[in-house]
Amino acid sequence: MPVITFANTKGGAGKTTAVLLLATELERMGFRVTILDADPQYWISRWRENSGDRTKVKVVPYVTQATLEKHIQDGKREADYVLIDLPGARTPLLAKAIGYSNHVLIPIQGCSMDAQGGAHVIELMQYLADRGNIHIPFSVVLTRVNSMVTTRALQTVKALLAERRVHVMDTPIIERSAFRDVFDFGGSLHTLTTASVSNLGKARDNARAFADEVLMHEALRQQQRQGQLAALRAVA
Ligand SMILES: Nc1ncnc2c1ncn2[C@@H]1O[C@H](COP(=O)(O)OP(=O)(O)O)[C@@H](O)[C@H]1O
Ligand SMILES: [Mg+2]
């Protein structure tokens, strides 16, 4: 069962928001989701308490370096997807969580590459690949993008990152008040009502496109693994 870690050593990058959007979209699609909350600010645990029975997403609070492995193992047994929300700081938890992950998503705020916290994670991923031969797929997710930003501006950022061998998700997460409201009201974009939240339809479309893209990458990787297995069997 895939483990997806959200990492950026800077706070405010949009990690927890992206975790929440992905978790609730996966739930809507019928998947069982467990979130491991390793951020000492516990925003996602508070959201869970706030949500009551409006969600079935399971949140495990107080995840530390000592308990991470056990929670991942429990999560993999119980859920279809395990999402890890990390603190916005440099911590040994980062490398440990990455080591257990099938995919690392690096939310970077806006379209600027001066995002130091994202660069730290990218450097760590490249170091693991070059020195440790540990190849864990990772992607940058552009977050809190102004809805007026043009496709061309996004293409420029993607091209810059591609030169550095960094994959960028096609779907940016747009700055939308609905994404803040889910934390205040609890539940998901689908339990909020259009009367109280502006641009809810666009927010829902954005979250769905993001989740679809994450799932597409998971499916592609699974196909690759199966292809590799079939090739190994053929030569065995
Ligand atoms: N796409 C977005 N649209 C609107 N507000 C956002 C968005 N992403 C994050 N925020 C807000 O920015 C702040 C930091 O986001 P958060 O997801 O908690 O970042 P991190 O987990 O990286 O610290 C929060 O107040 C959150 O509500
Ligand atoms: Mg957070």
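All figures in this text were calculated on a predicted structure; none of them were measured in a lab.

### With respect to the overall build of the protein
No. 1: Scanning the protein for helices and strands turns up eight helices and seven strands.
No. 2: Relative to a compact globule of 236 residues, whose C-alpha radius of gyration would be 18 Å, the protein shows 18 Å and is just as compact.
No. 3: Along the first, second and third principal axes, the C-alpha atoms of the protein reach 60 × 40 × 35 Å.
No. 4: Of the contacts made within the protein by residues no fewer than 6 positions apart, 77% connect residues no fewer than 24 positions apart.

### A word on the site of ligand 1
No. 1: Around ligand 1, the structure places 18 residues, and the nearest of them are Ala 13, Gly 14, Lys 15, Thr 16 and Thr 17.
No. 2: At the level of secondary structure, the elements contributing two or more residues to the shell around ligand 1 comprise α1 (15-28) and α7 (177-185).

### As for the nonpolar core
No. 1: Judged by nonpolar contacts, the single largest core of 62 residues is most densely connected at Val 19, Leu 22, Ala 23, Ile 35, Leu 83, Ile 84 and Ile 106.
No. 2: At seven residues, α1 tops the list of elements feeding residues into this core.
No. 3: Non-local contacts of Ile 35, meaning those with residues more than four positions away in its chain, are made with Val 19, Ala 23, Ile 44, Val 57, Val 59, Leu 83 and Asp 85.

### As for helix α8 (residues 200-235)
No. 1: For α8, with 36 residues, the first-to-last C-alpha span of 53 Å sits near the 52 Å given by 1.5 Å per residue.
No. 2: Buried within α8 we find Ala 203, Arg 204, Asn 206, Ala 207, Phe 210, Ala 211 and Val 214.
No. 3: On its buried side, α8 packs onto α1 and α7.

### A few points about unusual backbone geometry
No. 1: The phi torsion at Tyr 62 lies on the positive side, around 55 degrees, for a residue other than glycine.
No. 2: Residue position: Tyr 62 is located in the loop between β3 (58-60) and α3 (68-78).
No. 3: Since 12 C-beta atoms lie within 10 Å of it, Tyr 62 is described here as exposed.
No. 4: Even without being glycine, Arg 144 reaches a positive phi, approximately 55 degrees.
No. 5: Residue classification places Arg 144 among the buried residues on the basis of 20 C-beta atoms within 10 Å.

### Structural notes on the environment of Ile 174
No. 1: Turning to its location among the elements, Ile 174 is positioned in the loop between β7 (167-168) and α7.
No. 2: Spatially, the C-alpha atoms of Ile 174 and Val 214 are 16 Å apart, while their sequence positions differ by 40 residues.
No. 3: Once residues within four sequence positions are removed from consideration, Ile 174 is found in contact with Val 145, Ser 147 and Asn 206.

### As for the pairing of strand β2 (residues 33-37)
No. 1: For β2, the buried fraction is high: five of the five residues fall into the buried class.
No. 2: Judged by which residues are buried, β2 turns out to be covered on both faces: Val 33, Ile 35 and Asp 37 on one side and Thr 34 and Leu 36 on the other are all buried.
No. 3: Bridge analysis of β2 against strand β4 (residues 81-85) gives five bridges, and the strand direction is parallel. Within β4, the residue paired with Ile 35 across the bridge is Leu 83.
No. 4: Handedness of the crossover joining β2 and β3 through helix α2 (residues 43-51): right-handed.

### Side note on the sheet that holds β3
No. 1: With respect to topology, seven strands assemble into an open sheet ordered β3-β2-β4-β1-β5-β6-β7, the strand pairing being parallel. Whereas interior strands pair on both sides, the edge strands pair on one side only; in this sheet they are β3 and β7.
No. 2: Where strand β5 (residues 103-109) lies against strand β6 (residues 138-143), six bridges are found, and the strand directions are parallel. For Ile 108, the partnering residue across the bridge sits in β6 and is Leu 142.
No. 3: Relative to the sheet, helix α5 (residues 116-132) contacts β5 and β6, its axis offset from that of β5 by approximately 155 degrees.

About the cut-offs
- Residues numbered from 1 in each chain as written.
- Chains lettered and ligands numbered in written order.
- Predicted model: local features only at pLDDT ≥ 70, side-chain atom pairs only at ≥ 80, totals over all residues.
- Helix = DSSP H or I, 4+ residues; strand = E, 2+ residues; numbered from the N terminus.
- Rg over C-alpha atoms; globule rule 2.2 N^0.38 Å.
- Contact = placed C-beta atoms within 7 Å.
- Near = placed C-beta within 6 Å.
- Core = buried A, V, L, I, M, F, W, Y, C linked by C-beta atoms within 7 Å.
- Buried ≥ 20, exposed ≤ 12 C-beta atoms within 10 Å, placed from the backbone.
- Expected span 1.5 Å × (residues − 1).
- Pairing = 2+ DSSP bridges.
- Right-handed = clockwise from strand over helix to strand, strands pointing away.
- Axes fitted to C-alpha atoms, helices over the stretch in contact; angles between N-to-C directions.

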